[in-house]
Amino acid sequence: MVHETGYYDLLGVSPKASQEDLKKAYRKLALKYHPDKNPNEGDKFKLISQAYEVLSNPEKRSLYDQGGEQAIKEGGMSGGTSPMDMFNMFFGGGGRMQRERRGKNVVHQLSVSLEEMYNGGSRKLGLQKSVICENCDGYGGKKGALEKCSSCKGRGVQIKVQQIGPGMIQQIQSMCAECQGQGEKFNSKDRCKNCNGRKVERQKKILEVHIDKGMRDGQKITFTGEGDQEPGLEPGDVIIVLDQKEHPLFQRKDNDLTMKMNIKLAEALCGFKKTIQTLDNRMLIISSHPGEVIKHGDIKCVPNEGMPVYREPFEKGQLFINFQVDFPEKDWLPEHLMFQLERLLPPRDDVMITDDMEEVQLCEVDVRTHQRSASGQPYEEDEEGPRSGVQCQTQ
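This one's a predicted model, so the numbers in the text were calculated from it and none came from an experiment. (Residues numbered from 1 in each chain as written. Predicted model: local features only at pLDDT ≥ 70, side-chain atom pairs only at ≥ 80, totals over all residues. Heavy atoms only, no water.)

Visitor: Honestly, the overall build of the protein in this entry has me stumped. Any pointers?
Guide: Across its full length, the protein holds ten helices and 21 strands. Taken across its 395 residues, the protein has 31% of its residues classed as buried. As presented, the protein carries roughly 26500 Å² of accessible surface, and 49% of it is formed by carbon and sulfur atoms. (Helix = DSSP H or I, 4+ residues; strand = E, 2+ residues; numbered from the N terminus. Buried < 20%, exposed > 50% of the residue type's maximum accessible area, 1.4 Å probe, protein only. Areas by Shrake-Rupley, 256 points an atom, 1.4 Å probe, with all protein chains shown as cover.)

Visitor: What am I meant to see in the pairing of strand E11 (residues 256-264) here?
Guide: Along any regular strand, the residues point their side chains to alternate faces of the sheet. Residues of E11 alternate between two faces, with Leu257, Met259, Met261 and Ile263 buried on one and Asp256, Thr258, Lys260, Asn262 and Lys264 left unburied on the opposite face. The pairing of E11 with strand E17 (residues 319-326) spans eight bridges and is classified as parallel. By the bridge assignment, Thr258 is partnered in E17 with Phe320. (Pairing = 2+ DSSP bridges.)

Visitor: What's the story with the sheet that holds strand E8 (residues 220-223) in this structure? I'm lost.
Guide: Strand pairing in a sheet is mediated by backbone hydrogen bonds. Such pairs are either parallel or antiparallel. Taken in spatial order, the three strands make up an open sheet running E1-E9-E8, and their pairing is mixed. Where the open sheet ends on each side, the last strands, each with one partner, are strand E1 (106-112) and E8. In this sheet, adjacent strand axes meet at a mean angle of 25° when their direction is disregarded. Where E8 meets strand E9 (residues 238-244), four bridges bridge the pair, whose relative direction is antiparallel. The residue bridging Thr222 from the neighbouring strand is Ile239, located in E9. (Axes fitted to C-alpha atoms, helices over the stretch in contact; angles between N-to-C directions.)

Visitor: What is the right way to look at helix H2 (residues 19-33) in this model?
Guide: Three- or four-residue spacings in an α-helix give side chains the same orientation, since the helix completes a turn every 3.6 residues. With 15 residues, H2 extends 21 Å from end C-alpha to end C-alpha; this agrees with the ideal 21 Å at 1.5 Å per step. The complete set of buried residues in H2 reads Leu22, Ala25, Tyr26, Arg27, Leu29, Ala30, Leu31 and Tyr33. Among the structural elements, helix H1 (6-11), helix H3 (42-55), helix H4 (58-74), helix H5 (83-90), E1 and E9 are those in contact with the buried residues of H2. (Expected span 1.5 Å × (residues − 1). Contact = heavy atoms within 4.5 Å.)

Below, the structure is given as structure tokens:
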């Protein structure tokens, strides 16, 4: 049992989550709360990154499960990777030195259906990107007219001193708002009228995203050099991350598909014939023979009807079918006909009953009350006082 669940709650997963579950949760939350997309959610982004850094490391996760966040701090395992470095490493952006030579990568999440991953296809994605201003060739204004910024004296940063208590001061360094951290600027008459001195302009770019058969949830499609352009830097990449939508019938695991199929008790005992519509709209017919008993929870498979294998589309996984047997409702058969049914079924087991045995009553279970009891949640109080234990409903 884990000591606390704060990090798990931040990622929206249970303490029993696998590494794949953690990756999927971090990927969705990091894209949602990234400062480029949500400038006001910087703290949330940091907390998500901190939680994933701990839980994705088996040693740190074990320590956290035993002693919580305090154990991480006392064990000297807090901190380490910055949230932005973690984001870039996770999405293939490289390290800090690489980013200094290249522009930032732009990451977009693209929701795709299981049908698209099965059949393949293409989607058009429109995005806004920065490109070098054509009017000034990325210079920002009239060549030779750059002046040292008077506000920061060419340093690109401004330092403010604040008093935080008697005899205590604090220095705060921030980017110069006048020159945007460049240390130089144009006066208004020499500034490029097209980009207003920013050296870049915004343009809409349409990317055609090809989804190959067999691609998986979380797979990345990279458009090299299609990121924002900056003077003096190689453009970064646009990285498309596929996000598979839930399917109403099929669940995917690697190259296999699983589904549940409900059958009647008569079908389970006497045979059945059913149809399944595949992800490419073919109709499969499956059947069982009379006398081939299908038990509740039995799993059968149909070979070569799973997902296509990525880059080997003529190879497919398997389709697993989990059978759920629907039993009749209470009192479905009149009591005087029960003996006829019993004659057709396998015989009962004989039970030896002695005088020292005690006969008890079976009753229905209030499942919701039982679940609250198992989780340790308090029960609602009624007029007669608090209830305790599993509640039975007598007939």
